[in-house]
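Below are the chains, spelled out letter by letter.
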Amino acid sequence: MSDHKIPGSEALIRSLIAEGVDTVFGYPGGSIINVYDRLYDYQDRLRHILTRHEQGAIHAAQGFARATGRTGVVFATSGPGATNLVTGIGDALMDSTPLVVITGQVASSVLGTDAFQEIDMVDIANPITKWALQVRRAADIPSAVARAFFIANSGRPGPVLLDIAKDAQQGLMEWSHEKCDYIRTYCDRPALDYHALSQAAGIINSAVRPLILSGHGVMISGAEPQLRELAEKAEIPVASTLLGLSTLPSSHPLFRGMLGMHGNIAPNVSTNRADVIIAIGMRFDDRVTGRLDGYAPHARIIHIDIDASEFNKNVPVHCTIHGDAREVLTALLPLVHPARHPEWLASFDRLDAIEKTEVIDRQTHPASGPILMGEVVDQVSTATSDDAILVTDVGQNQMLAARYFRFSSPRSIITSGGLGTMGFSLPAAIGAKIGCPGRQVCAFAGDGGIQMTVQELGTIMAYDIPVKIIVLNNSFLGNVRQWQELFFNARYSQTPMTNPDFVTLASAYGIPGEHITDRADLPEAITRMVKSPTAYLLEVDIHKTDNIFPMMPLGAAVDELMLNATDRLDLSSL
């Protein structure tokens, strides 16, 4: 304990540093000005990134957390500063992203009086956080910070909010900090159920057509080596959710693609042919399962997850194992027998051949016509040696980037999965690059999403952050337009876009770029972008009515896939 008292604002800064924080994203204001005043004296130990909007700050913190596995930290003031964080908080909860969100609040003496910029942030945040607390005394700040970090990045990670009243920031206290590693009412690491492990191993060892579904929980727990060992030992094909991409390298022979509405044909169809499914760290959301009464009818399902509330929530399963994916797989591996499933794997090859001919070649190597999104993604992936961090926005750019970007290393995809937040990619890419400065970071966005947080070009300018931004411009809100074309008689209600010149806009922020309209110019432009030592914006005009296929329409089963606007996959001969 120090021999002199310090204000709560300084205690907050010291506590963050004690928790290992070296980077904070935020935006100052009146109710958090005391914290920013004390931050001034700690700039050599705690780097602050001033974004151009609070939403940019929280998405940047998400990108930082997802790229590094560390807890992202955000500062904002009360009132609109705090409420501007709500979308990012909800996004972080849906995608299990560890954040500690710190908002200023009016003085406790005027709480409840509708004081200037007063808002009940704790009640707003309660449904979308793991824990939300209002701190009214300086003495309570260190313990609140310690508990916040423990809760945010343990168990199933997620966001925590600390709303700190102004008098708590100003009050004096004798500072000490002790990290939290246990809360009596909170179980972050359940004990392994060895009976369930034995049951699961028995199911796996008897499987003829096993399939692993790799989710975000594999990445969160760092279980990629154990996933690979299990797949190779028992020769089990692996499919991933959107957020589970990069848990097994794209080039691995047992990686068979992405599940879901715009996933690959083989894993979707094979879900309904498998006799055993091992689901690891995933939640069986509707975009993966399709129509529930048509999902995995022949499979005995093993579900491994740190969050027991996910068990039997959407899909009834035969065996549940409650625990951290890495711990569970480590304990399960000795119980699983070596096996080979050549006929089962060959069935994936046949389906892959159909997709390559009917979809992939057409989307990535078109013979003529306007530039397609798939070919841009494919070429950027190749130019980065398939080892960049992919950050996407939401919409067609997201699904096509996920389909055609390739991954060599873990933690290589950052995207808004559960909430589907447009505007996510640009600030999230900033956070990812700050967290992983040695890796190339490529942000894909559509012309709609990029404009939702385009002001963060100012953050890139201010801190010289060398992210590579690819704007796929079809002058439409493309994903909604696709639905309007396919299911609403091409009634394009409020989806055509009138856009600025994005390259000129970037140049106003000192960011070089170029605008590509001709396919012949694309390869060299991508090379220039990748080799640029600075940030770079590449705007590519793409086919206005370019659609994403395969597609599982709403209400369809996972094997009821559209190959194009008129043809469905015929499984009768496969």
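Located above this text is the structure these notes cover.
Residues numbered from 1 in each chain as written. Predicted model: local features only at pLDDT ≥ 70, side-chain atom pairs only at ≥ 80, totals over all residues. Heavy atoms only, no water.

A. Structural view of the nonpolar core. In terms of nonpolar packing, the biggest core is built from 103 residues, with Leu213, Ile302 and Phe444 touching the most fellow members. Of all the elements, helix α9 (residues 194–205) adds the most residues to this core, at six residues. Mapped onto the domain boundaries, this core takes at least three residues apiece from domain 2 (194–347) and domain 3 (371–541). Counting residues in each nonpolar core, the second largest holds 49 residues, with Leu99, Val391, Phe424 and Ile511 among its members. (Core = buried A, V, L, I, M, F, W, Y, C linked by side-chain atoms within 4.5 Å. Buried < 20%, exposed > 50% of the residue type's maximum accessible area, 1.4 Å probe, protein only. Helix = DSSP H or I, 4+ residues; strand = E, 2+ residues; numbered from the N terminus. Domains from an automatic or database assignment.)

B. Representation of the side chain of Thr421 within the structure. Inspection of the secondary structure assignment puts Thr421 in the loop between β16 (413–414) and α18 (425–435). Within the structure, the side chain of Thr421 is placed 2.7 Å from the side chain of Asp91, a separation counted as a polar contact. Excluding anything up to four places from it in sequence, Thr421 contacts Gln55, His59, Thr87, Asp91, Asp393, Val394 and Ser416. (Polar contact = N/O pair within 3.5 Å; in protein donor to acceptor, adjacent residues only side chain to side chain. Contact = heavy atoms within 4.5 Å.)

C. Layout of the packing of aromatic side chains. Enumeration according to the criterion identifies nine aromatic pairs in this entry. Between Tyr36 and Phe75, the aromatic rings sit 5.8 Å apart at their centres with planes inclined by 75°, giving edge-to-face as the arrangement. Highlighted residues: Tyr36 in helix α2 (residues 33–39) and Phe75 in strand β4 (residues 72–76), separated in sequence by 39 residues. By relative accessible area, Tyr36 is classed as buried at 15%. Phe75 sits in the buried class, given a relative accessible area of 1%. By way of ring pairs, the aromatic residues Phe405, Phe407 and Phe444 are connected into one cluster. Its end group placed over the ring of Phe476, Arg481 keeps NZ or CZ at 5.8 Å from the ring centre. (Phe/Tyr/Trp six-rings, centres within 6.5 Å; stacked < 30°, edge-to-face > 60°. Lys NZ or Arg CZ within 6 Å of the ring centre and 35° of its normal.)

D. Representation of the state of the cysteines in the model. Applying the stated rule across the entire model yields zero disulfides. Here Cys180 is not disulfide-linked; the sulfur of Cys187 is the nearest cysteine sulfur, at 14 Å. Just so you know, Cys319 is unpaired, no disulfide at all, and the nearest cysteine sulfur is the one on Cys187, 18 Å from it. (Disulfide = S-S within 2.5 Å.)

E. Here's a closer look at the pattern of salt bridges. Enumeration according to the criterion identifies 26 salt bridges in this entry. Salt-bridge contacts for Asp286 lead to Arg287; the nearest nitrogen and oxygen are separated by 3.8 Å. Among the salt bridges present, the one from Asp387 reaches Arg439, with a minimum N-O distance of 3.7 Å. Taken together, the positions of Asp387 in the loop between α16 (373–383) and β15 (389–392) and Arg439 in the loop between α18 and β17 (441–446) put the pair 52 residues apart, joining distant regions of the chain. The class for Asp387 is partly exposed, based on a relative accessible area of 32%. A single network of salt bridges, built from pairs that share partners, joins Arg156, Asp307, Glu310 and Lys313. (Salt bridge = Lys/Arg side-chain N within 4 Å of Asp/Glu carboxyl O.)

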